[in-house]
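# A look at the structure
In case you want the letters, here they are:
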Amino acid sequence: MTTSLALAPGAPGSRPSWAVGDKTGVGTALSAGSPVWFTLGQGILTEVYYPRVDTASTRDLGMLVAGADGFFSEERWDCDSAVAYLEPGVPAFRLTNVCKQGRYRIEKVVVADPHRPVVLQQTHFTPLKGALADYSLYALLAPHLGNQGQGNTARVGDYKGVPMLFAQRGGIALALACSAPWARRSVGFVGTSDGWQDVSQHKKMTWAYDLAEDGNVALTGEVDLAASKGELVLALGFGQNEWEAGQRARASLLEGFEASREPYVRAWSGWQRSLLPLEGSKDHPQDLYHVSAAVMRAHESKAFPGAIVASLAVPWGPSRGDGDLGYHLVWPRDMIETVGGLLAIRGHEDARRVLRYFRAIQEADGHWPQNMFLDGRPNWDGIQLDETAFVVFLVDLARREKALGEEDLAILWPMVRRAVGYLVRSGPVTPMDRWEEEAGYFASTMAVEVAALLAAADLAELSGEGGIASYLRETADAWNAAIDGLIYVTGTDLARRAGVDGYYVRFAGPAQREADSPAAGEVHLKNHLPGEGRVRLAELVSPDALALVRFGLRAADDPRIVNTVRVIDLLLKVEMPHGPCWHRYNEDGYGEHADGSPYDGTGVGRAWPLLTGERAHYELAAGRRGEAEKLLRALESFANDSGLLPEQVWGAADLPERGLRFGRPSGSAMPLVWAHGEYVKLRRSLHDGRVFDAPAQTAQRYLVEKTGSPHVFWRFDQPCRAVAVGKVLRLEVLAPAEVRWSADDWQTAQDVRARDTGLGIYLVDLPTEKRSVGDEVVFTFRWLETGRWEGRDFRVAVTGAASPPS
């Protein structure tokens, strides 16, 4: 005789969403045998990731409490919650949730099983009013397997006679098991037939559905409080199917909670002891130095060693659904800033793993995608050149920190060679990406590009490729010399308002440049309005300009930098209760709306704590150590109670109904791993008395030796219209060519074969340094691979001598 299954009604359930983006904890076991990561928020388990750190497979797991007198409570909303670490720097957590009505207390300890993909939650339920028999306790789990809330199937079942709750979607399954007996179990569709609907309405569990297929589902289990006496362990196990998930959950429970907790904590404590010992925070209840170290390390993949995601969070998660992947992707820039932090604390092996990962995922043309999945598959189709330049910079930083030996450098040189080949073929202009309306010259990108070219030149010499080294240095010099003409503007209304003659803008689009006076070394920005109500590009500023100091291209006391800092502070600085924070740029729309509602494609950009760290590095570079220390304390003040640093902080009046408080984390991603990397780098910089990751090559070349450039570059995608007398006109093309040129409008002509640089660039230097003002150089190309002539002429005027640098 077969028993029919009770099917849950209300398919497919409500639109799925994610948990809050501002986490209070993130954790994973250090062992490769435990491919599972967990997050905490609002006093409960939120997204759990399996089988990879880029794959969320739950939304949340929390407890419901009901009383015989009609009482109902959900711990994440109806409790005051506190989070504590079991040991400093170990991402194992004790959560204490106390009912706001004083009725109960739930204490939980959360770790991952180091030997299998199981998250364990040791739970103790204590009545504060009445007796244990007066209450019912329910576990409520929302699966979101494979980054998807829809398409999940849930059922009530057992593994080898052990009652469990299961969910499956595609090739991922989970099982929820309990050390205490289940009194009742049910599955349903969220918003219609799930356990929350049942218990909140009836003040007890009355529904018993066995199966909920293909929708946004929830699993509910009532714990037998009488049998457990309020003491239980929940095991959330994962696998490719329900058998695997069930076996793993049962195995963890059979071995006992301590069998997982002890090796989990021991491994993390040992790793922390291997790092550079620096004093932790004196002003925050947590040791932010070791918390930051753990945050950086916990975001690394186990299936793809060396891959570090930007955050185990979905910003503004409750307003996001399927298709919103949050920050659990690889952004090369964020990852390298993070690895810089690991190098600062002497995580040398961690850095080597990252560089091996970058070798494996480099695109054939030498670049890395704007962001990607762990296997290297691009997510967005944008290209940001600094993401490629940063990889080269990381190799040099690891070399300077003695994390790499000669053998490592020999292995990495082919990767670096391809990367700088891509940079010199594409830069210095950054192509249009997902966030920008057009291509442009960015201050921060050009700074790291120049630093990367000089670093690569050193590596080229070590590899016996002196010709490439010379070309890279010449290109770096030319790009550095062009920066002021491209992005330093003077005479604007904003400059007059700030009381300065000029400042570096955030970026300049090629279409918005006027080249009327290149001989004077200036390229003026048009008053281009990219959209109604938007500021002019010439008045768009960003703290990114401080990268020119961080990467050694400009001195901290350079008048242009000082002017720019004044403008940045006028427009972007926000004084918070414990210190200042800065916006990314004026007109930034990435943040909550003015009323506190979540970012939905538009919004108001908020201040970013990591920019306080970057400003502290600038102050240290300027010799103002005291100011840098004050900013360190300000940065620490933006962390939440468990020491996690947010992407953004709320910079307006308190909105308690939305959980937003002035100077405290907003609903964006927390932790932002980059922010923790910046924090530990700042601690290392203050320890050393200098900016930790500042490259030596740029400062020596441009601040000490004051090297300029004799070249003016011409390319098809970046043509110049004039060359100053005394300069060499360098023509660069992407295929073998012969150049026919004339200085007398073709009365006479010369043919010159382009030189192969070895990086996919072919160049010809035209000796225009001996031309006179008023001359015009005209040239064309014959392409050697096809024998075809270009069929058109190109002209460059010779103008007055360039002004010397100020």
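Coordinates for the structure precede this section.
So, here is what we can say about the structure in this document. Being a predicted model, the structure only gives us computed values, none of them experimental.

## Remarks on the overall build of the protein
Regarding its fold elements, the protein presents 19 helices and 36 strands. The C-alpha radius of gyration of the protein comes to 30 Å, within 12% of the 28 Å expected for a compact globule of 806 residues. The principal-axis extents of the C-alpha atoms in the protein amount to approximately 100 × 55 × 50 Å. Taken across its 806 residues, the protein has 60% of its residues classed as buried. For the protein, contacts bridging at least 24 residues in sequence account for 69% of all contacts bridging at least 6. Accessible area for the protein stands at about 29,600 Å²; split by element, carbon and sulfur atoms hold 50% of it. Averaging the coordinates of the 85 positive side-chain charges in the protein and doing the same for the 103 negative ones gives two points 2 Å apart.

## A closer look at the packing of aromatic side chains
Scanning all chains against the criterion turns up 34 aromatic pairs. Ring geometry for Y357 and F358: centres 6.2 Å apart, planes at 55°, overall tilted. The exposure classification of Y357 matches that of F358, with both residues buried. Measuring from centroid to centroid gives 6.1 Å for F716 and W783, while their planes differ by 40°, and the two rings are tilted. Note that F716 is positioned in the loop between β27 (711-714) and β28 (722-724) and W783 in strand β34 (residues 776-783), a separation of 67 residues in sequence. The partly exposed category is assigned to F716, whose relative accessible area is 34%.

## A short note on the environment of F507
Position of F507 relative to the elements: it lies in strand β21 (residues 507-508). Look at F507 and you get buried, because its relative accessible area is 4%. Residues F507 and D688, spaced 181 residues apart in sequence, show a C-alpha to C-alpha distance of 33 Å.

## A few points about the sheet that holds strand β6 (residues 79-85)
Each strand in a sheet pairs with its neighbour through backbone hydrogen bonds, running either in the same direction (parallel) or in the opposite one (antiparallel). Strand order in this open sheet of nine strands is β6-β7-β8-β9-β17-β13-β12-β11-β15, and the pairing throughout is antiparallel. Each edge of the open sheet is held by one strand with a lone partner, namely β6 and β15 (211-215). Between one strand axis and the next, the sheet turns through 20° on average, direction left out of account. Packing of helix α4 (residues 242-255) onto the sheet brings it into contact with β9 (118-127), β11 (152-159), β12 (162-169), β13 (172-178) and β17 (231-239), and relative to β17 it is tilted by some 145°. The strands touched by helix α5 (residues 257-273) are β8 (104-112), β9 and β17; relative to β8, the strand with the most contacts, the crossing angle is about 60°.

## Focus: the pattern of salt bridges
Tallied over the entire structure, the rule returns 57 salt bridges. Two residues, E401 and R684, come together in a salt bridge whose shortest N-O distance is 3.3 Å. Here the residue E401 occupies a position in the loop between α9 (385-400) and α10 (406-426), and R684 occupies one in helix α18 (residues 673-688), the gap between them amounting to 283 residues. We note a salt bridge from E629 to R625, for which the minimum N-O separation is 3.0 Å. Residue E629 and its partner R625 are both found in helix α17 (residues 625-637); the two are separated by four residues, about one turn of the helix. On the accessibility criterion, E629 (28% relative accessible area) is partly exposed. What emerges from the salt-bridge pattern is a single network uniting D396, R399, R400, D458, E461 and R473.

## Points about the nonpolar core
Counting residues in each nonpolar core, the largest one holds 224 residues, and the members touching the most others are F38, Y264, F358 and L472. With 13 residues, the top contributor of residues to this core is helix α11 (residues 443-462). Dropping the residues within four chain positions of it, Y264 is found in contact with G27, T28, A29, F38, V90, P91, A92, V111, A112 and P114. By size, the runner-up hydrophobic cluster in this structure holds 20 residues, among which are V733, W741, F779 and V796.

Basis of the calculations
- Residues numbered from 1 in each chain as written.
- Predicted model: local features only at pLDDT ≥ 70, side-chain atom pairs only at ≥ 80, totals over all residues.
- Heavy atoms only, no water.
- Helix = DSSP H or I, 4+ residues; strand = E, 2+ residues; numbered from the N terminus.
- Rg over C-alpha atoms; globule rule 2.2 N^0.38 Å.
- Buried < 20%, exposed > 50% of the residue type's maximum accessible area, 1.4 Å probe, protein only.
- Contact = heavy atoms within 4.5 Å.
- Areas by Shrake-Rupley, 256 points an atom, 1.4 Å probe, with all protein chains shown as cover.
- Lys, Arg positive; Asp, Glu negative; His and termini not counted.
- Charge placed at Lys NZ, Arg CZ, Asp CG, Glu CD.
- Phe/Tyr/Trp six-rings, centres within 6.5 Å; stacked < 30°, edge-to-face > 60°.
- Pairing = 2+ DSSP bridges.
- Axes fitted to C-alpha atoms, helices over the stretch in contact; angles between N-to-C directions.
- Salt bridge = Lys/Arg side-chain N within 4 Å of Asp/Glu carboxyl O.
- Core = buried A, V, L, I, M, F, W, Y, C linked by side-chain atoms within 4.5 Å.

Shape is all these values report; function is a separate question.
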